Amino acid sequence: MSVSVTLENVAKQYGAFAAVRGVSLAIQPGELIALLGPSGSGKTTLLRMMAGLEAIDGGNILFDGIDTSRLSLRDRRIGFVFQNYALFRHMSVADNIAFGLKVRPRKERPSASEISRRVSGLLELVQLGGLEKRFPSQISGGQRQRVALARALAIEPRVLLLDEPFGALDAKVRKDLRQWLRDLHRRTGHTTVFVTHDQEEALELADRVAILNKGLLEQVAGPDTVYDYPATAFVCDFLGETNRIPVEIAGGRAHFENIPVYQGLPSNSHGKAELFVRPQHLKLVEPGGSPFSGAVELIRRHGSIRRAEVAIKGLPKRLDIDIVSQIGPAIGESVGVRITHAQAFPAG
């Protein structure tokens, strides 16, 4: 059932606003890919164009090499899951799941027994067995989202599209459903595209992450690659957290105020740049253990770790540094700072 999805220089314009500007992307059969970006980056518009819910103004969208402009919405066989579930409140869970099958033309509609069999199988697949007679108001938000997904799967889609599928749920439920969706994808193997603004969600779920910014595709690669080897300054700054240090690069070595602070850059790089360093790639050392030094001004809890804020003379903003040891520095203590990994991008 899985098909390839190919976007060729796809564009969408709303008056003077270019929502999508020439995006090209090849999605493999059975791949789970995330469209990630800030609000207004074009990710939902792109998803809706794949679904046929928005007309494209330029380029082509192909399913297994077939131009989708030649296909009706029914022939595209798209399963679409909305953020707000879009369930029918007056219908039971079972009737919601069966809806797409029951409204088919008579010649294409499965028999009542086949619909019942398929609904029962989907209820088990999404772990909602025994809830078929309940109404949406009688189940939790996480369960409603699984009903919406089962309804999308009922029509045996060629492509599954999800628009911020967990956006309306609380953090704990979202985390549980992310793992559940990944397991479900392994079992069903649908070509799946999901939109999210949640970086953790994209990195945890997707085979590849396509990062959009102002209607353009900045980078598409596996989660480890986009996080550890971002292609642009935007990707580096958008994913996770970063410290930005203005430097001068010569011979692959970064200098801050004429002090060498990092030497892991390509040997042919030079000129003014910004060094992007994640908090986990900064290490606190003894004063004098690094030419880069400052004073600890704040220590705070940051999830499962503690984080120090270190003021460096000449930097307008304190550096965020993750503390991995149980024993950390005191506020006001002088420390050295060592950079273990960084990315450099031209200044400006």
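Residues numbered from 1 in each chain as written. Predicted model: local features only at pLDDT ≥ 70, side-chain atom pairs only at ≥ 80, totals over all residues. Heavy atoms only, no water.

Notes on the overall build of the chain
Phase 1: A tally of helices and strands in the chain yields 9 helices and 20 strands.
Phase 2: Dimensions of the chain, computed from the C-alpha atoms along their principal axes, are close to 80 × 45 × 35 Å.
Phase 3: A separation threshold of at least 6 residues defines the contact pool for the chain, and within that pool the share at least 24 residues apart is 67%.
Phase 4: Total accessible area on the chain stands at roughly 16800 Å², and carbon and sulfur atoms take up 50% of it.
Phase 5: Distance from the positive charge centre (44 side chains) to the negative charge centre (37 side chains) of the chain: 5 Å. (Helix = DSSP H or I, 4+ residues; strand = E, 2+ residues; numbered from the N terminus. Contact = heavy atoms within 4.5 Å. Areas by Shrake-Rupley, 256 points an atom, 1.4 Å probe, with all protein chains shown as cover. Lys, Arg positive; Asp, Glu negative; His and termini not counted. Charge placed at Lys NZ, Arg CZ, Asp CG, Glu CD.)

Notes on the packing of helix H4 (residues 112–125) against helix H5 (residues 141–154)
Phase 1: For the pair H4 and H5, interaxial distance at closest approach is 10 Å and the crossing angle is 135°. Taken as axis vectors, H4 and H5 run oblique relative to one another. Between H4 and H5 lies a crossing of right-handed hand. In this structure, H4 contributes Arg118, Leu122 and Leu125 to the contact, and H5 contributes Ala150, Leu153 and Ala154. (Axes fitted to C-alpha atoms, helices over the stretch in contact; angles between N-to-C directions. Parallel < 35°, antiparallel > 145°, perpendicular 65-115°, else oblique. Left-handed = near helix turned anticlockwise from the far one by under 90°.)

Brief notes about the pairing of strand E2 (residues 17–27)
Phase 1: Bridge count between strand E1 (residues 5–14) and E2: 8 bridges; the pairing is antiparallel. Within the sheet, the bridge partner assigned to lysine 12 lies in E2 and is valine 20.
Phase 2: Between E1 and the antiparallel strand that follows it, E2, lie 2 residues; glycine 15 among them carries a positive phi value of about 60°. (Pairing = 2+ DSSP bridges.)

Focus on the sheet that holds strand E20 (residues 343–346)
Phase 1: Taken together, the 5 strands give an open sheet; going across it, the order is E13-E12-E11-E14-E20, and neighbouring strands pair in antiparallel fashion. Of all strands in the sheet, those with a lone pairing partner are strand E13 (259–262) and E20, marking the two edges. The sheet shows a mean angle of 50° between the axes of neighbouring strands, taken without regard to direction.
Phase 2: With 3 bridges connecting them, strand E11 (residues 243–250) and strand E12 (residues 253–256) associate as antiparallel partners. The residue of E12 that forms the bridge with glutamate 248 is histidine 255.

Thoughts on H4
Phase 1: Taking 1.5 Å as the rise per residue, H4 with 14 residues should run 20 Å; its terminal C-alpha atoms sit 20 Å apart, in good agreement.
Phase 2: Within the span of H4, buried status applies to Ile115, Arg118, Val119, Leu122 and Leu123. Each buried residue of H4 sits inside an arc of 140° when the element is viewed along its axis, so together they form one side. The exposed set on the far side of H4, more than 90 degrees from its buried face, consists of Ser113, Arg117 and Glu124. (Expected span 1.5 Å × (residues − 1). Buried < 20%, exposed > 50% of the residue type's maximum accessible area, 1.4 Å probe, protein only. Arc of directions from axis to C-beta.)

Brief notes about the sheet that holds strand E9 (residues 208–213)
Phase 1: Taken in spatial order, the 6 strands line up as E6-E7-E8-E3-E9-E10 in an open sheet, and their pairing is mixed. Both outer strands of the open sheet, strand E6 (78–81) and strand E10 (216–221), are each paired with one neighbouring strand and no more. Adjacent strand axes in the sheet meet at a mean angle of 15°, parallel and antiparallel pairs treated alike.
Phase 2: Bridging between strand E3 (residues 32–36) and strand E8 (residues 191–196) involves 5 bridges; their strand directions are parallel. Within the sheet, the bridge partner assigned to leucine 32 lies in E8 and is threonine 192.

Concerning the side chain of glutamine 145
Phase 1: With respect to the element layout, glutamine 145 can be found in helix H5.
Phase 2: Leaving out residues up to four positions away in the same chain, glutamine 145 has contacts with Val81, Phe82, Gln83, Tyr85, Pro165, Phe166 and Leu177.

Overview of the pattern of salt bridges
Pairing between side chains of opposite charge can happen when their charged atoms approach one another.
Phase 1: Tallied over the entire structure, the rule returns 22 salt bridges.
Phase 2: For lysine 102, the salt bridge identified is with aspartate 95, shortest N-O distance 3.2 Å.
Phase 3: Looking at lysine 102, the relative accessible area reads 41%, which means it is partly exposed.
Phase 4: Overall, aspartate 95 belongs to the partly exposed group, its relative accessible area being 33%.
Phase 5: Connected through salt bridges with shared partners, the residues Lys175, Arg178, Glu200, Glu201 and Glu204 form a single ionic network. (Salt bridge = Lys/Arg side-chain N within 4 Å of Asp/Glu carboxyl O.)

Quick word on helix H6 (residues 171–188)
Phase 1: Over its 18 residues, H6 extends 25 Å from the first C-alpha to the last, a length consistent with the 26 Å expected when each residue adds 1.5 Å.
Phase 2: Turning to H6, its buried residues number three or more, namely Arg174, Leu177, Arg178, Trp180, Leu181, Arg182, Leu184 and His185.
Phase 3: On the buried face of H6, the contacting elements are E3, H4, H5, strand E7 (159–163), E8 and helix H7 (199–205).
Phase 4: One or two positions beyond H6, positive phi appears at glycine 189, with a value near 70°.

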